[in-house]
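# Breakdown of the fold
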Amino acid sequence: MRTRAIQTGTMRTGTLHPGAWWVWALGLGTAASRTTNPLLLTLLVVVAGYVVATHRTDAPWSRSYTAFVKLALAVLLLRVAFAVVLGSPVPGSHTIVTLPELPLPHWAQGVRVGGRVTAEGLVFAVYDGLKLAALLVCVGAANALANPARLLKSLPAALYEVGVAVVVAMTFAPHLVADVQRLRAARRLRGRPDRGLRGLAQVVLPVLEGALERSVALAAAMDARGYGRSAEVAPAVRRTTAGLTLGGLLGVCAGTYGVLTAEGGGYGLPVLFAGLAVALAGLWLGGRRSPRTRYRPDAWGPRAWLVSASGVAVAALLVVAAEYEPSALHPGVVPLTAPTLPLWPMAAILLGLLPAFTVPAPLKGALTAPPPPTPEEQA
């Protein structure tokens, strides 16, 4: 018999729905993908960082934001290094330095190692790398703000198995960062080196051992809770579910391609919406194979609507701005010109600060402790 979820009266209403944080962060990431203006990209990073600074907790997943910021800086530096060593596709007349060029065989035409390093090529590499760095910072903000366990509980039943795999993958990095910090602090307290190759070699083995122990414990817990078991469903329903889901995802891919290209402006949105509808129908049918209960599910309240709407508004306004003001959102590098800060795209990005003022700042440790039981649970 299919069990039912906990009634609305026992929903959690004191914390923000984790899906709202992901919608907000993905909206900022979409906005970052629509521009190469370094001023707008820096503003997006500042907005995401400010919201994380005011609303993250002491939970293990919140500590991963620093790792994402460091990864973003590494990506930016690596992009510039590639432009210096391998050259840039952007022609330039302002030569900064000329490196010794490595001769390559004829079959490697179009690729060079060394040679002229121009100011135009470096600026183009900085713009491109800053866009990738802003995307990583937005993803890191979602990881730092959204509780992955609560996010898993909010997924539809048909996506539960996929959600478990994604959540385990997302929580791997925060736990890894927490283990490294804990072991380095322990080595400092013992007066042992925690930096350099020697310190790294002494930390890697305990971290891998802890990761293996967590994997074994997770596998045992999942097996004890009946993970992977499903209800009996007729073969026709199973085939229909697979067909609807696959067809819907193909429609979403085709519609997204149509939206992003100039040639598909006429059919992009209709195909995208049709694919979403078909995919949702497939997920609804797939949920019949995996009936699950939810203990005190998170409520999608007014604050969740405001947070998600702010991220969607930032993305939508930047997409519109890219159509009407392409030169402001994509400053040229040939010839070299100083980027300008367009006013209404800047105002659109500032809408991403709405969660900082509409969502109450959590107390330190508030999300790591279990919530108090409701009167129904006490009874």
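Given the structure is predicted, the values throughout are model-derived calculations rather than measurements.

Looking now at the overall build of the protein. When helices and strands are tallied, the protein shows 14 helices and two strands. Scored against the burial criterion, the 379 residues of the protein give a buried share of 36%. For the protein, the accessible area works out to roughly 21,800 Å², and carbon and sulfur atoms hold 69% of it.

Turning to the UniProt feature "transmembrane region" (unreviewed entry) in the protein, a few remarks are in order. Feature annotation in UniProt assigns "transmembrane region" (unreviewed entry) to the following positions: residues 21-53, 65-86, 158-178, 242-260, 266-285, 305-322 and 342-363. Helix makes up 88% of residues 21-53 and strand 0%, and the two end C-alpha atoms of the span are 14 Å apart. In residues 65-86, the share of helix is 100% and the share of strand is 0%. The end C-alpha atoms are 31 Å apart.

Looking at the protein as a whole, its pLDDT mean stands at 78, while 76% of the residues score no less than 70. For the protein, per-element mean pLDDT is lowest for helix H14 (residues 375-378), which scores 41, and highest for helix H2 (residues 38-55), which scores 93. Segment residues 1-14 is flagged for pLDDT under 50; beyond a separation of four residues in sequence, or across chains, it makes 24 contacts in the model. Of the regions scoring below 50 in pLDDT, residues 366-379 engages in 17 contacts with residues more than four places distant in sequence or in other chains.

The next point concerns the nonpolar core. Counting 43 residues, the largest nonpolar core has Trp21, Trp24, Leu28 and Leu44 as the members making the most contacts within it. Ranked by residues supplied to this core, first place goes to helix H4 (residues 119-145) with nine residues. Once residues lying within four places of it in the same chain are set aside, the contact partners of Trp21 are Leu16, Val51, His55, Ala142, Leu145, Ala146, Val307, Pro355 and Val359.

Once that is clear, we can look at the pattern of salt bridges. A full pass over the atoms with the stated rule returns one salt bridge. The partner of Asp128 in a salt bridge is Arg79, and the shortest N-O contact between them spans 3.1 Å. Here Asp128, found in helix H4, pairs with Arg79, found in helix H3 (residues 64-86); they are 49 residues apart in sequence, far enough to count as distant. For Arg79, a relative accessible area of 19% gives the class buried.

This paragraph deals with the packing of aromatic side chains. Enumeration over the complete set of coordinates arrives at two aromatic pairs. Their ring planes at 80° and their centres at 5.8 Å tell us that Trp21 and Trp24 sit as a pair that is edge-to-face. Of this pair, Trp21 and Trp24 are both found in helix H1 (residues 18-33), three residues apart, which corresponds to roughly one turn of the helix. Each member of the pair, Trp21 together with Trp24, is buried.

This part is about the pairing of strand E1 (residues 95-102). Within E1, only zero of the eight residues are buried, which leaves it mostly out in the open. In this sheet, strand E2 (residues 113-118) lies alongside E1 in antiparallel orientation, the contact comprising five bridges. Residue pairing across strands places Leu99 opposite Gly115, the latter belonging to E2.

On to the environment of His94. Within the fold, His94 resides in the loop between H3 and E1. You can call His94 partly exposed: its relative accessible area is 46%. Each C-alpha atom, one on His94 and one on Glu120, is 7.1 Å from the other, the two residues being 26 residues apart in sequence. In contact with His94, not counting residues within four places along its chain, are Val117, Thr118, Ala119, Glu120 and Leu336. Among the polar contacts made by the side chain of His94, one reaches the side chain of Glu120 at a distance of 2.6 Å.

On to H1. Compared with an ideal rise of 1.5 Å per residue, which puts 16 residues at 22 Å, H1 spans 23 Å between its outermost C-alpha atoms and is within 8% of the ideal. Of all 16 residues that make up H1, twelve are buried, and the element is covered over most of its length. Every buried residue of H1 is listed here: Pro18, Gly19, Ala20, Trp21, Trp22, Trp24, Ala25, Gly27, Leu28, Gly29, Ala31 and Ala32.

Our next topic: the side chain of Thr36. Position of Thr36 relative to the elements: it lies in the loop between H1 and H2. At a separation of 3.3 Å, a polar atom in the side chain of Thr36 contacts the side chain of His330. With residues up to four places along the chain from it excluded, the contact list for Thr36 reads Leu41, Tyr127, Lys131, Leu329, His330 and Pro331.

Where helix H12 (residues 343-350) is concerned, the buried positions are Pro345, Ala348 and Ile349. Summarising the axial view, the buried residues of H12 lie within an arc of 100°, below the 170-degree limit, and thus occupy one face.

Conventions adopted
Residues numbered from 1 in each chain as written. Predicted model: local features only at pLDDT ≥ 70, side-chain atom pairs only at ≥ 80, totals over all residues. Heavy atoms only, no water. Helix = DSSP H or I, 4+ residues; strand = E, 2+ residues; numbered from the N terminus. Buried < 20%, exposed > 50% of the residue type's maximum accessible area, 1.4 Å probe, protein only. Areas by Shrake-Rupley, 256 points an atom, 1.4 Å probe, with all protein chains shown as cover. UniProt positions renumbered as here; feature names shortened; annotations may be inferred. pLDDT = per-residue confidence, 0-100. Contact = heavy atoms within 4.5 Å. Core = buried A, V, L, I, M, F, W, Y, C linked by side-chain atoms within 4.5 Å. Salt bridge = Lys/Arg side-chain N within 4 Å of Asp/Glu carboxyl O. Phe/Tyr/Trp six-rings, centres within 6.5 Å; stacked < 30°, edge-to-face > 60°. Pairing = 2+ DSSP bridges. Polar contact = N/O pair within 3.5 Å; in protein donor to acceptor, adjacent residues only side chain to side chain. Expected span 1.5 Å × (residues − 1). Arc of directions from axis to C-beta.

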